[in-house]
Amino acid sequence: MAAISLRKLRKTFGELTVVHDIDLEIADKEFIILVGPSGCGKSTTLRMIAGLEDVSSGDLIIGDLIVNDVAAKDRDIAMVFQNYALYPHMTVYKNMAFGLELRRAPRDEVDRKVREAAEILDITYLLNRKPKALSGGQRQRVALGRAMVRSPEVFLLDEPLSNLDAKLRATMRAEITKLHRSLNATFIYVTHDQVEAMTMADRIVVMQDGHIQQVAKPQDLYDNPVNLFVASFIGAPQMNFYPVTIRETDAGFAVDFGGTLLPLPPRLTPENLAPYEGQEVTLGLRPEAFFERMTSEHDPDMFAQLDGVVDYAEPMGPEIHLNFAVQGHSTTARLSPRFAARPGDTVTLHVDMSMAHLFDPKSERSLMAGPAA
């Protein structure tokens, strides 16, 4: 049983607090990913779970045991570091086998587990080399393999794919996900890469400045960000933001964007909107809310038109990212790769307002999230 509870967990260095009284429940066998910008406290949180950083206050519970004062070696946790942490005098084989040999595992079991992990990681041909003869990406795979062979109850992974090339990173995402399923262990994974977080996690924990901003399943996080930070951090290209004013019309509530009234979806209820009537709020639209034209699949009552001047376009293969200015506000739209526009052109795009988000400009909370606690 490797459920983990963080209860009012805090970490301070002198007068500097880097993790602020966070609460988090991680289920047994869950794959949870901590994501956020550099310095947000995600790696420090991981190191406290590992026992590599002392807990300043609060409780860290693994299973039914408070482990604040339990040594790292006694927590049945394996950690994969971003900086490899390999033994330079040992071969790859010995690095991967070392933990099992310390536990006096049978030699044939050690050999089987090392070779199985090496095959998954595509490093079988490296088993007789030493770390100094490996590339950064190869060293990271060895570090991952060293954790894999131990079969601990909890895996902690601190940006383990950061040194891999794009093709191998995609392969390893799938392999780590399959590994999680096969080992039935709890995985806690730190990354700044949204693709890793969205494709691998059961749930994602978004952190900023040592605080947890939101915990949710990947699609829920994307579709229902609780505040402006989460909305801007999750998604690439990021959400577009505009200052708008809430207006009540005969047809219901709408937003006034520079004199253009834009409809609002039913999920933004009158109860959400009435307190803001006549006030400025922040409208958020993801790049995929923009279309070249409406189709029969779209609700015409939820569509509006916006004109903009093209700045530049980024061909991405299956799509094009069109960057243009709408009433002076920089905007990115994700469109068909066949959409033709040159810098300086004026374009008219359709906007699906059923995908709109609204945020309080002061608290930055979503108008659907309710008042701040």
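Residues numbered from 1 in each chain as written. Predicted model: local features only at pLDDT ≥ 70, side-chain atom pairs only at ≥ 80, totals over all residues. Heavy atoms only, no water.

Chemist: Whenever I open this one, the sheet that holds strand β8 (residues 186-191) confuses me. Can you help?
Modeler: Paired through backbone hydrogen bonds, the strands of a sheet run either parallel or antiparallel to each other. The six strands lie next to each other as β6-β7-β8-β3-β9-β10, forming an open sheet whose pairing is mixed. Only two strands of the sheet have a single neighbouring strand rather than two, namely β6 (77-80) and β10 (211-216). Sheet twist, expressed as the average angle between the axes of neighbouring strands with direction ignored, equals 15°. Strand direction decides the pairing type here: strand β9 (residues 203-208) and β10, joined by five bridges, are antiparallel. Looking at β10, one finds that V205 is bridged to V215. Packing of helix α4 (residues 136-148) onto the sheet brings it into contact with β6 and β7 (154-158), and relative to β6 it is tilted by some 175°. Docked against the sheet, helix α5 (residues 166-183) engages β3 (31-35), β7 and β8, running at close to 160° with respect to β8. (Pairing = 2+ DSSP bridges. Helix = DSSP H or I, 4+ residues; strand = E, 2+ residues; numbered from the N terminus. Axes fitted to C-alpha atoms, helices over the stretch in contact; angles between N-to-C directions. Contact = heavy atoms within 4.5 Å.)

Chemist: I keep staring at the packing of helix α2 (residues 92-102) against helix α3 (residues 107-120) and nothing clicks. Help me out?
Modeler: Each pair of packed helices can be described by the angle between their axes along with the distance between the axes. Put simply, α2 and α3 touch, their axes get as near as 10 Å, and they point 135° apart. Put simply, α2 runs oblique to α3. Crossing angle aside, the handedness with which α2 passes α3 is right-handed. In this structure, α2 uses Y93, M96, A97, L100 and E101 to contact α3, whose residues at the interface are V110, D111, K113, V114, R115, A117 and A118. Split by residue class, the contact of α2 with α3 holds eight nonpolar, no polar and four charged. (Parallel < 35°, antiparallel > 145°, perpendicular 65-115°, else oblique. Left-handed = near helix turned anticlockwise from the far one by under 90°. Nonpolar A, V, L, I, M, F, W, Y, C, P; charged D, E, K, R; others polar.)

Chemist: Would you mind going over the side chain of T245 with me for this structure?
Modeler: Relative to the helices and strands, T245 resides in strand β11 (residues 240-249). Judged by its relative accessible area of 17%, T245 falls in the buried class. (Buried < 20%, exposed > 50% of the residue type's maximum accessible area, 1.4 Å probe, protein only.)

Chemist: Quick question: what am I supposed to make of the pairing of β3 here?
Modeler: On any regular strand, side chains alternate: one points to one face of the sheet, the next to the other face. The element β3 is extensively covered by neighbouring structure, given that five of its five residues are classed as buried. Alternating positions in β3 separate into two faces, F31, I33 and V35 on one and I32 and L34 on the other, with burial throughout. Examined bridge by bridge, β3 and β8 share five bridges and lie parallel to one another. Following the sheet pairing, I32 is matched in β8 by I188. Where β3 meets β9, four bridges bridge the pair, whose relative direction is parallel. The residue bridging V35 from the neighbouring strand is V206, located in β9.

Chemist: How should the environment of G145 be read in this particular structure?
Modeler: Looking at the element boundaries, G145 is found in helix α4. Residue classification places G145 among the buried positions, given a relative accessible area of 0%. Placed 48 residues apart in sequence, G145 and A97 show a C-alpha to C-alpha distance of 9.3 Å.

Chemist: Could you clarify how one ought to interpret the packing of α2 against α4 in this entry?
Modeler: Closest axis-to-axis distance for the α2/α4 pair is 7 Å, and the angle between their directions is 30°. In terms of orientation, α2 lies roughly parallel with respect to α4. Two packed elements cross with a definite hand, and for α2 against α4 that hand is right-handed. In contact with V92, N95 and M96 of α2, α4 contributes V142, G145 and R146. In terms of residue class, the contact of α2 with α4 is built from three nonpolar, two polar and one charged.

Chemist: Any chance you could explain the confidence of the model for the chain here in plain terms?
Modeler: Any segment with low pLDDT has predicted coordinates that should not be analysed in fine detail. Considering every residue of the chain, the mean pLDDT works out to 91; 98% of them sit at 70 or more. Within the chain, α5 has the poorest average pLDDT of any element, 83, and β3 the best, 98. (pLDDT = per-residue confidence, 0-100.)

Chemist: Help me out: how do you make sense of the packing of aromatic side chains in this one?
Modeler: Aromatic ring pairs are described here by two measures, namely the spacing of the ring centres and the angle between the planes. Tallied over the full model, the rule gives nine aromatic pairs. With a centroid separation of 5.3 Å and 40° between ring planes, the pair formed by F31 and F187 is classed as tilted. Taken together, the positions of F31 in strand β3 and F187 in strand β8 put the pair 156 residues apart, joining distant regions of the chain. A single burial state applies to F31 and to F187, both of which are buried. Ring centres 5.1 Å apart and planes at 65° place the aromatic pair Y87 and F98 in the edge-to-face group. Separated by 11 residues along the polypeptide, Y87 in the loop between β6 and α2 and F98 in helix α2 bring together distant segments of the chain. (Phe/Tyr/Trp six-rings, centres within 6.5 Å; stacked < 30°, edge-to-face > 60°.)

Chemist: Would you take a moment to explain the pairing of β8 for this structure?
Modeler: Summarising burial for β8: six of the six residues are buried, a large majority. Neither face of β8 is open: one carries T186, I188 and V190, the other F187, Y189 and T191, and all of them are buried. The handedness of the β7 to β8 crossover, carried by α5, is right-handed. (Right-handed = clockwise from strand over helix to strand, strands pointing away.)

Chemist: It is not clear to me how the environment of N240 should be interpreted in this structure. Could you clarify?
Modeler: Along the chain, N240 turns up in strand β11. Placed 43 residues apart in sequence, N240 and L283 show a C-alpha to C-alpha distance of 8.0 Å. In this structure N240 touches L283, G284, L285, R286, P287, F290, S330, T331 and T332, once residues within four positions along its chain are discounted.

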